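Listed here are the chains, written in short residue letters.
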Amino acid sequence: MIKRIVPRQPLVVALATVGLYTLIPSAFAGDAVTASTSSSSTQGSTNQTTNVGEVNAEAMALTGPAQQLASTDGKLTKKNIFESTQSQAVLGKREISSVGPAAGAAQALSLAPGIAVRGYGGVAGTARYEIAVRGVKVGWSSVNGDVERNGLTVLFDGIPMNNLIAHNGGWDSNEIPILQMIHGVNVTYGPGNPASRWFDSIGGTINFVPLQPSTNPSAEVGTTVGSNGTLGYHFDIKTGMYDGWSAVLAGGYIKNNTFRTGSFNAPSQSFAYFGKAVKTFSNGTFSLGGYVDSSREFRPNFIPLTPIPGITTAGLNANAPLYSEQTSGYYSSLPQSIWFKQLKVQDYILYSKLNLGLSKDVTLHEIAWYRHGHRVHDRINNYIPGNSANSEYYNPSSDTYGDKLYFAWKLPMNFLKAGGSWIHQQYITRYAGYNSQMGTSPSFPSQYNSDVLYNNYLTGFIQDTITPIADLKVTPGIAAVQYQTQMYNNGNQAFQDLPAGAQNQTLINSAADTISGLEPSIGVRFAPVKWGSVYANYAKSYQNPTDNNFGAYNSNGGTIDFNSLKPVQSNNYEVGAKFLVHQWMFLHDFSFNINYYYDRLSNETIATYLSNIAQTKFAAADAVVNGVNIAIADNPTWNWHLFTNIGLNHSYYTSYTPHGGPTLSGLPVSYSPNLTLSAGVDYRYYYHGFLFSPQFVDQYTSSQYLFNNNTGAPSHQQQPGYNVANLTLGMKTTRLDHYVPTLKSVNLSVGIYNLFGEKYNPIEYITSGGYFGGNSAGAILADPGAPRQYFVTVGAKF
């Protein structure tokens, strides 16, 4: 039997702070301000704002309601989170830098309370990760069994990035591959209030806030090198304010190889660029922005935990070592000629924002956008003899147009928001399964589909924040939503040259349906003291069924019962307390936040994709996700920053009906760890013109239940938990300006990730045999986590 790695328990950080406040020379005065405003990832309230050390041009020169509501980007501050009726968190530059210069969106989010991530790429923004916020997920880790796979809306600068209908590829984490251009990350847990809720927000909303234009010109460049051939660069340029205009241009590129061992280094690369210009006038702002990203990676293959007879490193029943973590090596991988999968993810986003003060008490907000999304899956698997579709070429694309407009009225004891949004999307899912040795190809496939889906999402909302007394806030709201879906089977038109016996993987010819509903919500906050409050909220929200439910690439039947097709429904309840102490004894910008959540999910469809078998199993399910999130952070002195985030989760199915099987109840939800914990300590020390800043972060993920592809249902088998620690050493100096007068500072960062060399598997599942064939059905396949990795970054600011 293979030895299952027993993880160390999470490290407990206990620090006593001694000494006087460190005196800082004027050259680092800005860092002192940054430290006090950009500190920790917390829930409910934070020690930071995302516009650290600079003034956002969109908020400049505004007074009255225009200033109050200028930030449609959703840049959270410690004050508005503390005063909110919702559970929220924010990550600033300090947290983002601690996960490493080569890291991507998922690694940054892993520091927030109640968020678990898992993937196969190590510290690499080029790889795809799955992100779970309190058990509700977005992204893809190539493993089935998610209770709600696309239940989080992801925004870039307030613009939605999600596909409206796709079950496969709703959003991928490597669409945000360059963290240096991200200024902060805002997280709203649960559906939130109607004015900030989107079509996939039943589990939460994540907003990646990029660098914003500023009043003063500046520029920054940097380069990164590290383990596994990592090499990258990043830059940003800010014009400053000229005649009311201010702009920013930022971007970067990163490449790396896999940490897996073998003859194929599986190269990956990503780039992203962002630009935004803001015009500030007397009663508002107008901005134009654009974002482009592209990631191309070779995904590493799964590896069996224990050897399987006939499954070798050279193919099925070859004269070669058996392929498993136990026999061929923990990090071993397969030759490209036996197995490879190349993935490409790409976005183009153009958008505008208008914030206009119509009067002393009325402000108009509008955002309009266009997004093009494109993905490519190119795969070969030579483990299944005679498989007519051992290769696939899947290249879906989507075009999305949207507009959201609302008014905000400031009234006595009321703050009213009312408006709506319209989003239209065309989504084309083109797939070709083939085997070149059998004479088929991507243009002459043995299996195929090309479905065209049109979607409209309409919503109108009204919410009112009522403050009858200074210490009490009540926010009732309601949204009316409508999902319009049309699906057309265009496979025979897209593939007109087909071999005999070719199979269209979509059986239904066409389908159309319209689903409508009302989403009521209410939030209450009471603050009996200025440094503490209690809050509670409830929200009902809906999500459109994904494309499989309308027959897209569904080979299980030729009809759809629209009478039984219902939207996914969430009934989310939360209660919590928030404490924010600015200064008292050793507490400085101290926050302690705790909440309990209970979310009942109904009408879920759980899809189980079976590799190389051209079959998908579907299950109907209802589930409960509930638990407690705790976040603690403090800056005892300017030198020290401490934080701890704890997520406790208990998720289970109240009803689970697998394909062709009886209804089950009480099954655990797969891949929802009962405990996630992040704890960290930062220390900063100034010495003779140099600022030194070591950071230590420890992260623990508990055991998780595996999904069984054989049964198409969760199992009671568990993968072990794991603990990963990271150490970063930073140095900054301003003493080089006499050599280069325009040089403001130079930064050096050295990071060690997985400091103690933990061997662990973030991903495991029970295979049905479709991946390796042979005798592999029932075996556990895994993706190992990365071993110790090193990265060095050098940057200069002008």
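Let me sum up the structure you'll find in this document.

1. Details of the overall build of the chain
In step 1: Per the secondary structure count, the chain includes six helices and 41 strands.
In step 2: In the chain, buried positions account for 61% of the 798 residues.
In step 3: Contacts spanning at least 24 positions in sequence make up 70% of the contacts within the chain whose residues lie at least 6 apart.
In step 4: Counting every atom, the chain has about 28200 Å² of accessible surface; 60% of that belongs to carbon and sulfur.

2. Regarding empty space enclosed by the protein
In step 1: Under the counting rule described, the total for this entry stands at 16 cavities of 30 Å³ or more.
In step 2: Residue lining of the second largest cavity: 38 residues in total, with Ser110, Val117, Gln699, Val724 and Tyr760 positioned closest to the centre.
In step 3: Contributions of two or more residues to the lining of the second largest cavity are made by β3 (115-119), β31 (640-657), β32 (675-683), β34 (690-701) and β37 (722-733).
In step 4: The element best represented in the lining of the second largest cavity is β3, accounting for five residues.
In step 5: Tallied by class, the residues present in the lining of the second largest cavity amount to 21 nonpolar, 16 polar and one charged.

3. Observations concerning a nonpolar patch on the surface
In step 1: Together, Val225, Leu231, Leu729, Leu748, Val750, Val792 and Val794 make up a nonpolar patch on the protein surface, roughly 490 Å² of accessible area in all.
In step 2: Of all elements in the fold, only β38 (745-753) and β41 (789-797) reach the threshold of two or more residues within the nonpolar patch.
In step 3: Tracing the backbone through its elements, the reader meets leucine 748 in strand β38.
In step 4: We classify leucine 748 as partly exposed; its relative accessible area is 32%.

4. Considerations on the nonpolar core
In a soluble, globular protein the nonpolar side chains are often hidden away together inside.
In step 1: Membership of the largest hydrophobic core comes to 100 residues, with the highest contact counts inside it found for Ile131 and Phe208.
In step 2: Apart from residues no more than four positions distant in its own chain, isoleucine 131 is found in contact with Ala106, Leu109, Ile115, Ala116, Val117, Val136, Lys137, Val138, Leu152, Trp171, Ser173 and Ile206.
In step 3: Ile165, Leu453, Ile508 and Phe550 belong to the second-largest nonpolar core, a separate cluster that totals 13 residues.

5. Considerations on the sheet that holds strand β4 (residues 129-133)
In step 1: Pairing in this open sheet of three strands is antiparallel, and the strands run β3-β4-β5 from one edge to the other. This sheet does not close on itself; its edge strands, each paired only once, are β3 and β5 (136-139). Strand-to-strand twist of the sheet, defined as the mean angle between neighbouring strand axes without regard to direction, takes the value 20 degrees.
In step 2: Sheet analysis places β3 next to β4, joined by five bridges and oriented antiparallel. Considered in β4, the bridge of isoleucine 115 is made with valine 133.

6. Concerning the side chain of asparagine 572
In step 1: Residue placement: asparagine 572 occurs in strand β28 (residues 568-584).
In step 2: Only 2.9 Å separates the side chain of asparagine 572 from the side chain of glutamate 574, close enough to count as a polar contact.

7. Some details on the pattern of salt bridges
In step 1: Counting across every chain of the model gives 13 salt bridges.
In step 2: Here glutamate 574 makes a salt bridge to arginine 134, at a shortest N to O gap of 2.9 Å. With glutamate 574 in strand β28 and arginine 134 in the loop between β4 and β5, the pair connects residues that are 440 residues apart, well separated along the chain.
In step 3: On the accessibility criterion, glutamate 574 (4% relative accessible area) is buried.
In step 4: Overall, the relative accessible area of 5% leaves arginine 134 in the buried class.
In step 5: A salt bridge links aspartate 347 to arginine 371, with the shortest nitrogen-to-oxygen separation between them at 2.7 Å. Placement of the pair is aspartate 347 in strand β18 (residues 339-357) and arginine 371 in strand β19 (residues 362-381), with a sequence separation of 24 residues. As far as the burial class goes, aspartate 347 and arginine 371 line up, both buried.
In step 6: One connected set of salt bridges, linked through shared partners, spans Asp157, Lys276 and Lys353.

8. Examining the pairing of β3
Each regular strand carries side chains that alternate between the two faces of the sheet.
In step 1: Most of β3 sits out of view: five of its five residues are buried.
In step 2: Across the two faces of β3 the burial is the same, with Ile115, Val117 and Gly119 and Ala116 and Arg118 all buried.

9. Describing the side chain of glutamine 107
In step 1: Among the structural elements, glutamine 107 can be located in helix α5 (residues 105-109).
In step 2: Glutamine 107 gets classed as buried once you look at its relative accessible area, which sits at 10%.
In step 3: For glutamine 107, the side chain forms a polar contact with the main-chain nitrogen of glycine 104, separated by 2.8 Å.
In step 4: In contact with glutamine 107, not counting residues within four places along its chain, are Val99, Gly122, Val123, Ala124 and Tyr129.

10. Description of the packing of aromatic side chains
In step 1: A complete count under the given rule lists 35 aromatic pairs for this structure.
In step 2: On the basis of an interplanar angle of 25 degrees and a centroid distance of 6.1 Å, the ring pair of tyrosine 233 and tyrosine 253 is categorised as stacked. Of this pair, tyrosine 233 sits in strand β11 (residues 230-238) while tyrosine 253 is found in strand β12 (residues 245-256), placing the two residues 20 residues apart along the sequence.
In step 3: Measuring from ring centre to ring centre gives 4.9 Å for tyrosine 771 and phenylalanine 772, while their planes differ by 80 degrees; the resulting arrangement is edge-to-face.
In step 4: On the accessibility criterion, tyrosine 771 (6% relative accessible area) is buried.
In step 5: Put simply, the rings of Phe302, Tyr323, Trp339, Tyr383, Tyr765, Tyr771 and Phe772 touch in pairs and so form one group of aromatic residues.

11. Let's talk about the pairing of strand β2 (residues 88-91)
In step 1: Burial along β2 is two-sided: the face carrying Gln88 and Val90 and the face carrying Ala89 and Leu91 are both buried.
In step 2: In terms of strand pairing, β2 meets strand β8 (residues 182-189) through four bridges, oriented antiparallel. Within β8, the residue paired with leucine 91 across the bridge is valine 185.

12. A few points about the environment of valine 669
In step 1: Examined against the element boundaries, valine 669 turns out to sit in the loop between β31 and β32.
In step 2: For valine 669, a relative accessible area of 1% translates into the label buried.
In step 3: In this structure the C-alpha to C-alpha distance between valine 669 and valine 624, which are 45 residues apart in sequence, comes to 8.9 Å.
In step 4: Once you skip the residues sitting within four places of it in the chain, valine 669 turns out to touch Val147, Ser651, Tyr652 and Tyr653.

13. Considering unusual backbone geometry
The phi torsion of most residues other than glycine is negative, and most of the peptide bonds are trans.
In step 1: Although it is not a glycine, aspartate 157 sits at a positive phi angle of roughly 55 degrees.
In step 2: With respect to the helices and strands, the residue aspartate 157 is situated in the loop between β6 (152-156) and β7 (159-160).
In step 3: Of note, the phi angle at histidine 688 is positive, near 50 degrees, even though the residue is not glycine.
In step 4: Looking at the secondary structure, you find histidine 688 in the loop between β33 (685-687) and β34.

About the cut-offs
Residues numbered from 1 in each chain as written. Predicted model: local features only at pLDDT ≥ 70, side-chain atom pairs only at ≥ 80, totals over all residues. Heavy atoms only, no water. Helix = DSSP H or I, 4+ residues; strand = E, 2+ residues; numbered from the N terminus. Buried < 20%, exposed > 50% of the residue type's maximum accessible area, 1.4 Å probe, protein only. Contact = heavy atoms within 4.5 Å. Areas by Shrake-Rupley, 256 points an atom, 1.4 Å probe, with all protein chains shown as cover. 1 Å grid on protein atoms, 1.4 Å probe; cavity = no way out; pocket = protein on both sides within 12 Å on 5 of 7 lines; lining within 4 Å. Points joined across faces, edges and corners; volume = space filled by probe spheres on them. Nonpolar A, V, L, I, M, F, W, Y, C, P; charged D, E, K, R; others polar. Patch = residues over 30% accessible without salt bridge, like charges linked within 9 Å, V, L, I, M, F, W, Y side chains within 5 Å. Salt bridge = Lys/Arg side-chain N within 4 Å of Asp/Glu carboxyl O. Core = buried A, V, L, I, M, F, W, Y, C linked by side-chain atoms within 4.5 Å. Pairing = 2+ DSSP bridges. Axes fitted to C-alpha atoms, helices over the stretch in contact; angles between N-to-C directions. Polar contact = N/O pair within 3.5 Å; in protein donor to acceptor, adjacent residues only side chain to side chain. Phe/Tyr/Trp six-rings, centres within 6.5 Å; stacked < 30°, edge-to-face > 60°.

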